[in-house]
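Observations on chain architecture
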Amino acid sequence: MTVREWDASRYDSAHSFVWERGRGVVELLDPQPGERILDLGCGTGHLTAQIAESGAEVVGIDSSDDMVRVASENYPSIRFEVADARSLPFENEFDAVFSNAVLHWVRPPEAVVDSVRRALRPAGRFVAEFGGENNIRTIMTAVGEALDALEQDGTEVYRPDKYFPPLDEYVSLLASRDFRVAYSDHFERPTPLDGGEEGMRKWLRMFGWDYLSTLTPSQRKQVVAHVEKATRSTLYAEGTWTADYWRIRFEAFKPE
């Protein structure tokens, strides 16, 4: 199994859509002055700072040292820490836990929900958005085809198990941990990628790195070229690549 590596500078400069599209989740969170809020998977801190503008006290955590370093440089007045979403070092400390575009990266999901529940105060809320069923299906089908071709040539490839659950499955998980789900939705959100003609390859190098990291440079180019060719007719138009995102968004409350 490979270890995911995050390049925070590349994330900030070439993939700003991740946090820019998270503004709607902040609106659902509706942070209030004086609340204590945890941003789970804060990345480079832009949404953490937006939450802090409400007057709430925010702590940002991320599993990536590089993300936390850049977030701290971007917003030195906010507290950022390296932590694992599955074993948060908090208990009954937060009025809300917020997360954008993170939960699909972390397995097992049960450990994350349990960890969030411990971190929340009674009646605290868990507000998040992440990849749901059908997320990036077109892209992942093309990646799978490219990896199949490499395997036929004798290359050993790594295929991580992505977590893009159906909505009812995740709602059931929350309910099994005694969360009351006040709002949930599973929706299609086609997302234009930064980078123009290079948008898909840049996306793959950032978000598909776990598929590419075990390959040689020439094999990576082969996979990227296949994905671009296979998806161009459906995901590329007028100089812009679009990722076929499907998202789950929810608000759930811990018992009082």
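The structure under discussion appears in the preceding block.
Residues numbered from 1 in each chain as written. Predicted model: local features only at pLDDT ≥ 70, side-chain atom pairs only at ≥ 80, totals over all residues. Heavy atoms only, no water.

1. Comments concerning the overall build of the chain
Across its full length, the chain holds 11 helices and eight strands. Here the chain has a C-alpha radius of gyration of 19 Å; the compact-globule value for 256 residues is 18 Å, and the two agree. Structurally, the chain occupies a C-alpha span of about 55 × 40 × 35 Å along its principal axes. Taking all 256 residues of the chain together, the buried fraction comes to 52%. For the chain, restricting intrachain contacts to residue pairs at least 6 apart in sequence, the fraction spanning at least 24 positions comes to 78%. Carbon together with sulfur atoms contributes 46% to the accessible area of the chain, which is approximately 11,600 Å² in total. Averaging the positions of the 29 positive and the 43 negative side-chain charges in the chain gives two centres separated by 2 Å. (Helix = DSSP H or I, 4+ residues; strand = E, 2+ residues; numbered from the N terminus. Rg over C-alpha atoms; globule rule 2.2 N^0.38 Å. Buried < 20%, exposed > 50% of the residue type's maximum accessible area, 1.4 Å probe, protein only. Contact = heavy atoms within 4.5 Å. Areas by Shrake-Rupley, 256 points an atom, 1.4 Å probe, with all protein chains shown as cover. Lys, Arg positive; Asp, Glu negative; His and termini not counted. Charge placed at Lys NZ, Arg CZ, Asp CG, Glu CD.)

2. Digging into the side chain of Ser99
By the secondary structure assignment, Ser99 is in strand β4 (residues 94-100). Looking at Ser99, its side chain comes within polar contact range of the main-chain oxygen of Leu40, at 3.1 Å. Those residues within four positions of Ser99 in sequence are excluded, and the remaining contacts are Val25, Leu40, Val127, Ala128 and Glu129. (Polar contact = N/O pair within 3.5 Å; in protein donor to acceptor, adjacent residues only side chain to side chain.)

3. A look at the packing of aromatic side chains
Here the structure, examined in full by the defined rule, presents nine aromatic pairs. Its guanidinium or amino end placed over the ring of Tyr236, Arg232 lies 4.7 Å from that ring's centre, counting from NZ or CZ. (Phe/Tyr/Trp six-rings, centres within 6.5 Å; stacked < 30°, edge-to-face > 60°. Lys NZ or Arg CZ within 6 Å of the ring centre and 35° of its normal.)

4. A look at unusual backbone geometry
Cis geometry is adopted by the peptide bond preceding Pro108, which originates at Arg107 and carries an omega value of -5 degrees. You can see Pro108 is positioned in the loop between β4 and α6 (109-119). The backbone phi angle of Ile136 is positive, close to 45 degrees, even though this residue is not glycine. Mapped onto the secondary structure, Ile136 falls in the loop between β5 (120-131) and α7 (137-152).

5. Some details on the side chain of Glu228
If you trace the backbone, Glu228 turns up in helix α11 (residues 217-235). Within the structure, the side chain of Glu228 is placed 2.8 Å from the side chain of Arg201, a separation counted as a polar contact.

6. Notes on the packing of α6 against helix α8 (residues 167-176)
One can describe the packing of α6 onto α8 by two numbers: an axis separation of 10 Å at closest approach and a directional angle of 45 degrees. In terms of their interaxial angle, α6 and α8 are classed as oblique. Crossing of α6 over α8 shows right-handed handedness. From α6, Pro109, Glu110 and Val113 reach across to α8, where they touch Tyr170, Leu173 and Leu174. (Axes fitted to C-alpha atoms, helices over the stretch in contact; angles between N-to-C directions. Parallel < 35°, antiparallel > 145°, perpendicular 65-115°, else oblique. Left-handed = near helix turned anticlockwise from the far one by under 90°.)

7. Details of the nonpolar core
One finds Leu40, Leu103, Val116, Phe126, Tyr170 and Phe250 to be the most contacted residues of the largest nonpolar core, which totals 29 residues. Setting aside anything within four residues of it in sequence, one finds Phe250 in contact with Leu28, Leu103, Phe126, Val127, Ala128, Phe130, Tyr170, Leu174, Tyr183 and Ser184. (Core = buried A, V, L, I, M, F, W, Y, C linked by side-chain atoms within 4.5 Å.)

8. Description of the pairing of β4
Each regular strand carries side chains that alternate between the two faces of the sheet. The buried count for β4 comes to six of seven residues, which makes it a mostly enclosed element. Both strand β1 (residues 36-40) and β4 contribute to a ladder of three bridges, which runs parallel. Paired with Ile37 across the two strands is Ala96, which belongs to β4. Across six bridges, the pairing between β4 and β5 is parallel. Across the sheet, the residue bridging to Phe98 is Val127, located in β5. With respect to chirality, the unit in which β4 leads through α6 into the neighbouring parallel β5 is right-handed. (Pairing = 2+ DSSP bridges. Right-handed = clockwise from strand over helix to strand, strands pointing away.)

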